[in-house]
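# Structural overview
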Amino acid sequence: FNGNGFFEFNLEKDIKINLYKDSVLSRLIYDGFEQDEVGYLKTILKKGDVFVDIGTNIGLFSLIASKIVGDEGKVLCFEPAPLTFSRLKENIGLNDFKNVDARNIGLSNTKGELTFYVSNNGYDAWNSFAPNQDNKLESSIQVPVSTLDMELKDIDKTKIKLVKIDVEGWEKFVLFGGKDFLVNFNPIVMVEFTEANTFNAGYPVYEIYDIMQDLGYVWYRISKGELIKEKKKLYYPYDNLIAIKNDFKEII
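Keep in mind the model is a prediction, meaning the values are calculated, not measured.

### A closer look at the sheet that holds strand E13 (residues 239-245)
Hydrogen bonding along the main chain pairs the strands of a sheet, whether they run parallel or antiparallel. Read across the open sheet, the eight strands follow the order E5-E4-E3-E9-E10-E13-E11-E12; overall the sheet is mixed. Two strands bound the open sheet, and with one partner strand each, they are strand E5 (100-103) and strand E12 (226-229). Neighbour-to-neighbour, the strand axes of the sheet open up by a mean angle of 25°, direction not taken into account. Bridging between strand E3 (residues 50-54) and strand E9 (residues 160-165) involves five bridges; their strand directions are parallel. Within E9, the position partnered with valine 52 by the bridge is valine 163. Across the face of the sheet, helix H2 (residues 35-44) comes into contact with E3, E9, strand E10 (188-193), strand E11 (217-223), E12 and E13 while running at roughly 175° to E10. Running at roughly 170° to E5, helix H4 (residues 82-94) makes contact with strand E4 (74-78) and E5 of the sheet.

Take a look at the structure:
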């Protein structure tokens, strides 16, 4: 992982992905990134389900989900960075997946246009609507944004089993933009909790916990193949937590 170019990597049996030598995330995927979360996705999703991937990057979760849900299912994914989106499309085409609806927009709490901060030095996984304080994000562009409720208007929301949100601090605003869906259709939601990112966006990380709890969700973490109820903490340096409605949980 040095210089330019890419190489094809067997992510799993019958799933290929192009990994890019200029990308920190590609190196992490090569080494086995977020295996607990990927394992949970594999357990929860079934044929015919719909998976929503918000902050898709080059497609790790979406590619695996596409294979699982099959032709009767659907993957709806959102990636606002133009270069990253082009790589995502390459990976979808590499596998000839026809059930992936990839949209080159961001999600927030209102429709419009926002400044998006992007990396030119390999930290594309940290691209964010929130300005970064450690020089990972060197440039900014304007990108279109919508809300989750608006983007799901023509989707059969009863089939959406799982929503993954990993948007580098913008999680609170994505949730606000999808409240109608979350209240009325009760999907399982996997959310990244990273306090440095939410501080950059102007709020403490535990507000994500409160928002979902107020909507009737219960939080869990994945531990040794099981979902364990998560008590609220003031600080989350880096975690991926699972929110499930009505205190229902599935064991991995």
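### Re a nonpolar patch on the surface
Together, Phe199, Leu234 and Tyr235 line one region of the surface with nonpolar side chains, adding up to about 360 Å² of accessible area. Relative to the assigned elements, leucine 234 resides in the loop between E12 and E13.

### Description of the packing of H2 against helix H3 (residues 60-69)
Where H2 contacts H3, the two axes come as close as 10 Å, and the packing angle between them is 25°. Between H2 and H3, the crossing angle belongs to the class labelled roughly parallel. Crossing geometry of H2 relative to H3 is assigned as right-handed. On H3, the residues touching Glu37, Val38, Leu41 and Lys42 of H2 are Leu60, Phe61, Ile64, Ala65 and Ile68. Each residue belonging to the contact of H2 with H3 can be placed in one class, and the counts come to seven nonpolar, no polar and two charged.

### Structural notes on the environment of leucine 182
With respect to the helices, strands and loops of the structure, leucine 182 is situated in helix H7 (residues 179-185). On the basis of relative accessibility, which here comes to 3%, the residue leucine 182 falls in the buried class. Residues leucine 182 and proline 80, spaced 102 residues apart in sequence, show a C-alpha to C-alpha distance of 22 Å. The contacts of leucine 182, once residues within four sequence positions are left out, are Leu175, Pro187, Val189, Met212, Leu215, Tyr217 and Lys245.

### A short note on H4
Taking 1.5 Å of rise per residue, the 13 residues of H4 would be expected to cover 18 Å, and the 18 Å separating its terminal C-alpha atoms lies within 8% of that figure. Contacts made by the buried residues of H4 are with strand E2 (15-20), H3, E4 and E5. Once H4 finishes, aspartate 96 follows within two positions and takes phi at roughly 55°, a positive value.

### Side note on the side chain of asparagine 99
Inspection of the secondary structure puts asparagine 99 in the loop between H4 and E5. Relative accessible area serves as the criterion here: at 9%, asparagine 99 is assigned to the buried category. Within the structure, the side chain of asparagine 99 is placed 2.5 Å from the side chain of serine 66, a separation counted as a polar contact. A polar contact of 2.9 Å, which involves the side chain of asparagine 99, links it to the backbone oxygen of glycine 70. Excluding anything up to four places from it in sequence, asparagine 99 contacts Ser66, Val69, Gly70, Gly73, Lys74 and Val75.

### Focus on the sheet that holds strand E7 (residues 112-118)
With mixed pairing, the three strands of this open sheet are ordered in space as E6-E8-E7. The outermost strands of the open sheet, each flanked by one partner alone, are strand E6 (106-107) and E7. Judged from the two bridges that link them, E6 and strand E8 (residues 139-146) form a sheet pairing that is parallel. Residue glycine 106 lies in a different strand from E8, and its bridge partner there is valine 145.

### Section: the environment of valine 50
Following the sequence through the fold, valine 50 ends up in strand E3. Among the residues examined, valine 50 registers a relative accessible area of 5% and is labelled buried. For valine 50 and proline 131, which are 81 residues apart along the polypeptide, the C-alpha to C-alpha distance reads 32 Å. In this structure valine 50 touches Lys74, Ile155, Lys159, Ile160, Lys161 and Leu162, once residues within four positions along its chain are discounted.

Conventions used here
- Residues numbered from 1 in each chain as written.
- Predicted model: local features only at pLDDT ≥ 70, side-chain atom pairs only at ≥ 80, totals over all residues.
- Heavy atoms only, no water.
- Pairing = 2+ DSSP bridges.
- Helix = DSSP H or I, 4+ residues; strand = E, 2+ residues; numbered from the N terminus.
- Axes fitted to C-alpha atoms, helices over the stretch in contact; angles between N-to-C directions.
- Contact = heavy atoms within 4.5 Å.
- Patch = residues over 30% accessible without salt bridge, like charges linked within 9 Å, V, L, I, M, F, W, Y side chains within 5 Å.
- Areas by Shrake-Rupley, 256 points an atom, 1.4 Å probe, with all protein chains shown as cover.
- Salt bridge = Lys/Arg side-chain N within 4 Å of Asp/Glu carboxyl O.
- Parallel < 35°, antiparallel > 145°, perpendicular 65-115°, else oblique.
- Left-handed = near helix turned anticlockwise from the far one by under 90°.
- Nonpolar A, V, L, I, M, F, W, Y, C, P; charged D, E, K, R; others polar.
- Buried < 20%, exposed > 50% of the residue type's maximum accessible area, 1.4 Å probe, protein only.
- Expected span 1.5 Å × (residues − 1).
- Polar contact = N/O pair within 3.5 Å; in protein donor to acceptor, adjacent residues only side chain to side chain.

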